[in-house]
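An overview of the molecular structure
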Amino acid sequence: MSDFNLEDIEEMSVDLELEDGTVLPCEVLYIFEWNEDDYAVLTPVDENIEEIYFFGIEIHDNGGEPELSLLQIEDEEVLDALADAFDEMLDEEEFGGEEEDEEEDAEEDSKWDEFIHKKLDE
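About the cut-offs
- In every chain, residue numbers begin from 1 and rise along the written sequence.
- The predicted origin of the model limits local features to residues at a pLDDT of at least 70 and limits the giving and counting of side-chain atom pairs to 80 or more, whereas totals for whole chains, interfaces and linings rest on all residues.
- Values reported for side chains reflect all heavy atoms of the structure, with hydrogen atoms and water molecules removed beforehand.
- pLDDT is a residue-level measure of predictor confidence that goes from 0 to 100.
- Under the scheme used here, helices are H or I runs from DSSP no shorter than 4 residues and strands are E runs no shorter than 2 residues, and both carry numbers assigned from the N terminus.
- Pairing between two strands requires that DSSP report at least two bridges joining them.

Regarding the confidence of the model for the protein chain
- When pLDDT is averaged along the protein chain, the result is 77; 67% of the residues meet or exceed 70.
- Of all secondary-structure elements in the protein chain, the lowest mean pLDDT belongs to helix α1 (residues 6-10), at 53, while strand β3 (residues 37-44) reaches the highest, 90.

Written out as structure tokens, the structure is:
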């Protein structure tokens, strides 16, 4: 099984095809688990567009690099709950201190690696 690095995902870009057929380049802003499901937060690369999009994600091990699949969320209640959960996460990060030392970063990377490997083993 290959190692999986959160930074690889956070630097990932995705082209979303909108309802009108236009393509909107986005970057992965954040990935998190909520109610035992995995979600990604995307934001347009164009900084003039101040929107975020939530997608469910599935992680597949294709024998090499893990691959993510985005799943559209149709349920407005779920989208609202995800937005609330994401806001809470941002608040926790903001009020948890602005400076993180290398030990905390290593611990977060370790937790992320555990999360990815758990999902790949399912």
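Quick notes on the pairing of strand β2 (residues 23-34)
- Alignment of strand β1 (residues 13-17) against β2, held across five bridges, turns out to be antiparallel. What sits directly across from L16, in β2, is L24.
- A loop of five residues connects β1 with β2, the two strands running antiparallel in sequence, and G21 in this loop sits at a positive phi of about 95°.
- Taken together, the eight bridges between β2 and β3 define a ladder with antiparallel strand orientation. By the bridge assignment for β3, E27 is matched with T43.
- In textbook terms, the turn of a hairpin is the stretch between consecutive antiparallel strands, and for β2 and β3 this stretch comprises two residues, one of which, N35, has a positive phi near 50°.

Let's talk about unusual backbone geometry
- Look at N35: it is not a glycine, yet its phi comes out positive at around 50°.
- Assignment of secondary structure puts N35 in the loop between β2 and β3.
- A positive phi angle is found at E36, which is not glycine, with a value near 65°.

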